[in-house]
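In case you want the letters, here they are:
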Amino acid sequence: GDGSYAVEFTQSGSKAWLRVDGDLGGSGAVLAANRALWPLIFEKAFAFFRRPGTNTYASLSSGGTSEPFAVLGLSQTAVLTSVIGVNHVSFENQILALMAAGKAMTVSTGASIFNAAPLIGSHAYSLVGIQQMANETYYTLRNPWGIDGISNDANPSDGLVTLTSAQLKDNCSFVFVGYFS
């Protein structure tokens, strides 16, 4: 009733709660397409939890893609430690099966972007879709910043970018799957 939100994290195997207010002004936060507020509340709480005492979104800079899974009490399993050199038919089948099972997946990019991929270097994305059409497989990634970066679709402000298999292979290095422990 006071306009604040409590978010549960896991720290050193124990549950820890952090309460944040609903003031999201100036955060650069963008509401998801479904207008869900919880991702923005989680982001704010995670920023404060990650670097206690700093209370700033700047604390979100850098880190690994498995860290949010861990602090939410999820286990993570590396599906692939590197996309480079992977048999793409096997990789695509594995990703399709994991998505069908509702697993959360993150993808990291290298510092340099190749093959005209619409990505931001040294950044993390969530893998939200995979579609096979004709002789090509397309991967849809979501930028947590809520912007495309380098737009490749009709809506540059939705945070969604689509990659071919070759673009994914040339630019993305890790995929993690999160699941409840």
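Everything below is about the structure shown above.
All figures in this text were calculated on a predicted structure; none of them were measured in a lab.

Asker: Please clarify how the pairing of strand β4 (residues 104–109) should be interpreted in this entry.
Answerer: Regular strands have side chains that alternate between both faces of the sheet. Buried residues dominate β4, accounting for five of its six residues. Relative to strand β5 (residues 124–133), β4 runs antiparallel, the two being bridged by three bridges. In the sheet register, Thr106 faces β5, and the bridge partner there is Ser126.

Asker: Can you help me understand the packing of aromatic side chains in this one?
Answerer: Aromatic ring pairs: the centre-centre distance and the angle between the two ring planes describe each pair. Within the structure shown, the criterion is met by four aromatic pairs. Measuring from ring centre to ring centre gives 5.9 Å for Phe9 and Phe42, while their planes differ by 40°; the resulting arrangement is tilted. A residue pair is termed long-range when its members are at least 10 positions apart, and Phe9 in strand β1 (residues 4–11) and Phe42 in helix α1 (residues 38–50) qualify at 33 residues. Here the two residues Phe9 and Phe42 agree in accessibility, since each one is buried. Taken together, a centroid distance of 4.2 Å and an interplanar angle of 15° make the contact between Phe9 and Phe49 stacked. Residue Phe9 is located in strand β1, and its partner Phe49 is located in helix α1; the two are separated by 40 residues in the primary sequence. Given a relative accessible area of 0%, Phe9 falls into the buried group.

Asker: Even after reading the chapter, I still don't get the pattern of salt bridges, so can you show me in this structure?
Answerer: Side chains carrying opposite charge are able to pair once their charged atoms draw close together. Under the definition given, this model contains three salt bridges. One salt bridge in this structure joins Glu8 and Lys15, with 4.0 Å as the shortest N-O distance. Glu8 gets classed as partly exposed once you look at its relative accessible area, which sits at 32%. Among the residues examined, Lys15 registers a relative accessible area of 53% and is labelled exposed.

Asker: Please clarify how the pairing of β1 should be interpreted in this entry.
Answerer: Bridge count between β1 and strand β2 (residues 14–21): eight bridges; the pairing is antiparallel. Looking at β2, one finds that Glu8 is bridged to Trp17.

Rules and cut-offs
- Residues numbered from 1 in each chain as written.
- Predicted model: local features only at pLDDT ≥ 70, side-chain atom pairs only at ≥ 80, totals over all residues.
- Heavy atoms only, no water.
- Buried < 20%, exposed > 50% of the residue type's maximum accessible area, 1.4 Å probe, protein only.
- Helix = DSSP H or I, 4+ residues; strand = E, 2+ residues; numbered from the N terminus.
- Pairing = 2+ DSSP bridges.
- Phe/Tyr/Trp six-rings, centres within 6.5 Å; stacked < 30°, edge-to-face > 60°.
- Salt bridge = Lys/Arg side-chain N within 4 Å of Asp/Glu carboxyl O.

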